[in-house]
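# Notes for the structure review
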Number of protein chains: 2
Amino acid sequence: MKTEKISELTINRLSVYLRCLNELADAGEQTVSSKTLAGRFNLNSAQIRKDLAYFGEFGVRGVGYYVEDLRVQLIKILGLVTEHRAVVVGAGNMGYALANYSGFKPRSFLIIGIFDSDPAKIGRVVRDGLRVMSVEYLKDFIREEGIDIAILTVPASAAEEVFALVTSAGVRAVLNFAPIQLHAPEGAKVRTVDLSISLESLSYFLANPSVELATE
Amino acid sequence: MKTEKISELTINRLSVYLRCLNELADAGEQTVSSKTLAGRFNLNSAQIRKDLAYFGEFGVRGVGYYVEDLRVQLIKILGLVTEHRAVVVGAGNMGYALANYSGFKPRSFLIIGIFDSDPAKIGRVVRDGLRVMSVEYLKDFIREEGIDIAILTVPASAAEEVFALVTSAGVRAVLNFAPIQLHAPEGAKVRTVDLSISLESLSYFLANPSVELATE
């Protein structure tokens, strides 16, 4: 592995490459060149080679990449061989949406609990086998069930408190949907999905239709 | 403006700077240096200067930035002086969540319609003044109401069709939540929020806790 710092964007792109390789594997393709991969999925072939080079020598001269082989490597690099056990905190519409989100790989990410503090929501069935629990039990649940990811869909005003609670219970990775910046303690990682930033970038495009943005 | 291509990340960061400046303005601060701005909000001061330099000379030697002045400039650059009128297509949990999302600036982004094809959902009240309408009326609604942004929360299988429909009706900016890559026609822009990519980057962190990622 190179000593240069790998960026979050490289990791995000690995996810995209993996998705493309899954498609190629489903289509029965055995090998693919970075150029074909790029052409087929609107990617950048130099970027693909550079991103993969951080993690090893995957290309074979005259062949390109072995689809299945690279797929397995990416799954390993991204830590997707391990099953991650997640909870959702906040049983509003967003919490329900995420607990039922079809885009999450069921073999890598299991949402096994959803919590709220509102007595009116506790006990409601979100989907088969998943019922809203009281946050009172969140800490114990995290410890007993070996939860490693928490997804926060609580209001901004409650986010810091819930964040402190889940990290103190041992959760090391948090996906935060509250519109607030959370600061992860040592050894933990928080990733905030800020939907208004996405909307503002569309607004910029609408205001500046002729400006072509670089995607890197 | 520099001729170098501005990246999407720069635009995203402008949104973050704007948010920070809003906080400073609320706190009554008149001026701020890039260093103070960086220190206070966990940003990078060289990056701030570089990002802003694409759009003009905002810093004043010995002063830094005038908070209100820079705030107004960023609002202009991001096209947030214009009111954007948006529809949500797909009245599932995610659609409901977005129609009620408190993080969207109410003065810049108005969600004025929500649509679905499921007769069981049509007519339901999402919030005061917002009722689920049939997709049958989507095209006319977009034209008559001057909708410029569509937010898609439909299943992946329906996304391409809905995307074609909204862009052909004149929508130029699409925020896509369906786990599928959509290709924008000339003059339109699509931004996909892929929640599993965020989860996979957390998975990478859990698998490689000692690797520190660069955020650029």
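Our structure is the block above this text.
The shown structure was predicted, so the numbers you read here are calculated from the model rather than taken from an experiment. (Residues numbered from 1 in each chain as written. Chains lettered and ligands numbered in written order. Predicted model: local features only at pLDDT ≥ 70, side-chain atom pairs only at ≥ 80, totals over all residues. Heavy atoms only, no water.)

Scanning chain A for helices and strands turns up 8 helices and 9 strands. Out of the 216 residues in chain A, the part that is buried amounts to 51%. Considering only contacts in chain A between residues 6 or more positions apart, those separated by 24 or more positions represent 57%. Accessible area of chain A: about 10200 Å², with a carbon and sulfur share of 48%. (Helix = DSSP H or I, 4+ residues; strand = E, 2+ residues; numbered from the N terminus. Buried < 20%, exposed > 50% of the residue type's maximum accessible area, 1.4 Å probe, protein only. Contact = heavy atoms within 4.5 Å. Areas by Shrake-Rupley, 256 points an atom, 1.4 Å probe, with all protein chains shown as cover.)

Let's shift gears to the environment of Ser 108 of chain B. All names here are of chain B. Position of Ser 108 relative to the elements: it lies in the loop between helix 5 (93–99) and strand 4 (109–116). Considering only alpha carbons, one finds Ser 108 and Val 211, 103 residues apart in sequence, at a separation of 39 Å. Those residues within four positions of Ser 108 in sequence are excluded, and the remaining contacts are Leu 80, Thr 82, Glu 83 and His 84.

Residue and element names in this part refer to chain B. For strand 4, the tally of buried residues reaches 6 of 8 residues, placing the bulk of the element in the interior. Relative to strand 4, strand 3 (residues 84–89) is paired through 6 bridges, and the arrangement is parallel. Among the inter-strand pairings, Val 88 is bridged to a residue of strand 4, identified as Ile 114. Both strand 4 and strand 6 (residues 130–134) contribute to a ladder of 3 bridges, which runs parallel. In the strand pairing of strand 6, Asp 116 is matched with Ser 134. (Pairing = 2+ DSSP bridges.)

This part takes up the relation of the copies chain A and chain B. Between the two copies, chain A and chain B, the superposition gives an RMSD of 0.0 Å; the rotation angle is 180 degrees and the shift along the axis is 0.0 Å. Those values place the two copies in the arrangement expected of a two-fold rotation axis. It is Asn 93 of chain A whose C-alpha, among those of chain A, lies nearest the rotation axis, at 2.5 Å. Same-surface contact between copies: 100% of interface residues of chain A are shared with the interface of chain B. (Least-squares fit on C-alpha atoms with pLDDT ≥ 70 in both.)

The relative placement of two packed helices is expressed as an angle between their axes plus a distance between the axes. Between helix 1 (residues 8–26) of chain A and helix 8 (residues 195–207) of chain B, the shortest axis-to-axis distance is 9 Å and the interhelical angle comes to 115 degrees. Considering only the axes of helix 1 of chain A and helix 8 of chain B, their crossing is right-handed. Side by side, helix 1 of chain A and helix 8 of chain B meet where Glu 8, Ile 11, Asn 12, Ser 15, Val 16, Leu 18 and Arg 19 of chain A of the first sit next to Ser 196, Ile 197, Glu 200, Ser 201 and Tyr 204 of chain B of the second. Broken down by class, the residue content of the contact of helix 1 of chain A with helix 8 of chain B amounts to 5 nonpolar, 4 polar and 3 charged. (Axes fitted to C-alpha atoms, helices over the stretch in contact; angles between N-to-C directions. Left-handed = near helix turned anticlockwise from the far one by under 90°. Nonpolar A, V, L, I, M, F, W, Y, C, P; charged D, E, K, R; others polar.)

So, on to the interface of chain A and chain B. If you look at the interface, chain A gives 67 residues, while chain B gives 67 residues. Regarding the contact of chain A and chain B, the summed buried area is about 6300 Å², with carbon and sulfur atoms giving 66% of it. Area buried by chain A at its contact with chain B is led by Leu 199, Glu 200 and Leu 206 of chain A, which between them contribute 11% of it. Counting the contacts that link chain A with chain B gives 2 salt bridges. The partner of Arg 19 of chain B in a salt bridge is Asp 194 of chain A, with the nearest N and O atoms 2.3 Å apart. Elements supplying a minimum of two residues to the side of chain A that touches chain B: helix 1, helix 5 (93–99), strand 8 (173–176), strand 9 (189–192) and helix 8 (195–207) of chain A. Looking at the side of chain A that touches chain B residue by residue, the class counts come to 36 nonpolar, 19 polar and 12 charged. (Buried area = accessible area lost by both parts, 1.4 Å probe. Salt bridge = Lys/Arg side-chain N within 4 Å of Asp/Glu carboxyl O.)

We now examine helix 1 of chain A. Counted at 1.5 Å a residue, the expected span for helix 1 of chain A with its 19 residues is 27 Å, and the 27 Å between its end C-alpha atoms agrees. Every buried residue of helix 1 of chain A is listed here: Glu 8, Thr 10, Ile 11, Asn 12, Arg 13, Leu 14, Ser 15, Tyr 17, Leu 18, Cys 20, Leu 21 and Leu 24 of chain A. For helix 1 of chain A, the elements touching its buried residues are strand 1 (31–32), helix 2 (34–41), helix 3 (45–53), helix 4 (67–77) and strand 9 of chain A together with helix 8 of chain B. Near the N-terminus of helix 1 of chain A, the side chain that reaches the backbone nitrogen of Leu 9 of chain A, with its oxygen 3.1 Å away, is that of Ser 7 of chain A. (Expected span 1.5 Å × (residues − 1). Polar contact = N/O pair within 3.5 Å; in protein donor to acceptor, adjacent residues only side chain to side chain.)

On to the pairing of strand 6 of chain B, then. It is a general feature of regular strands that their side chains alternate between the two faces of the sheet. Residues and elements named next belong to chain B. Burial along strand 6 is one-sided: the face carrying Leu 130, Val 132 and Ser 134 is buried and the face carrying Arg 131 and Met 133 is not. Two elements, strand 5 (residues 125–127) and strand 6, share 2 bridges in a ladder whose sense is antiparallel. By the bridge assignment for strand 6, Val 125 is matched with Arg 131. Here strand 5 folds back onto strand 6 in antiparallel fashion, the turn holding 2 residues, of which Gly 129 has a positive phi close to 85 degrees.

What follows deals with the pattern of salt bridges. Residue and element names in this part refer to chain A. Taken as a whole and judged by the stated rule, the model has 18 salt bridges over all chains. Residue Arg 13 is joined to Asp 51 by a salt bridge in which the shortest nitrogen-to-oxygen separation is 2.6 Å. Taken together, the residues Arg 13 in helix 1 and Asp 51 in helix 3 connect sequence positions 38 residues apart. Looking at Arg 13, the relative accessible area reads 15%, which means it is buried. Within the structure, one salt-bridge network assembled from shared partners comprises Glu 8, Lys 189 and Arg 191.

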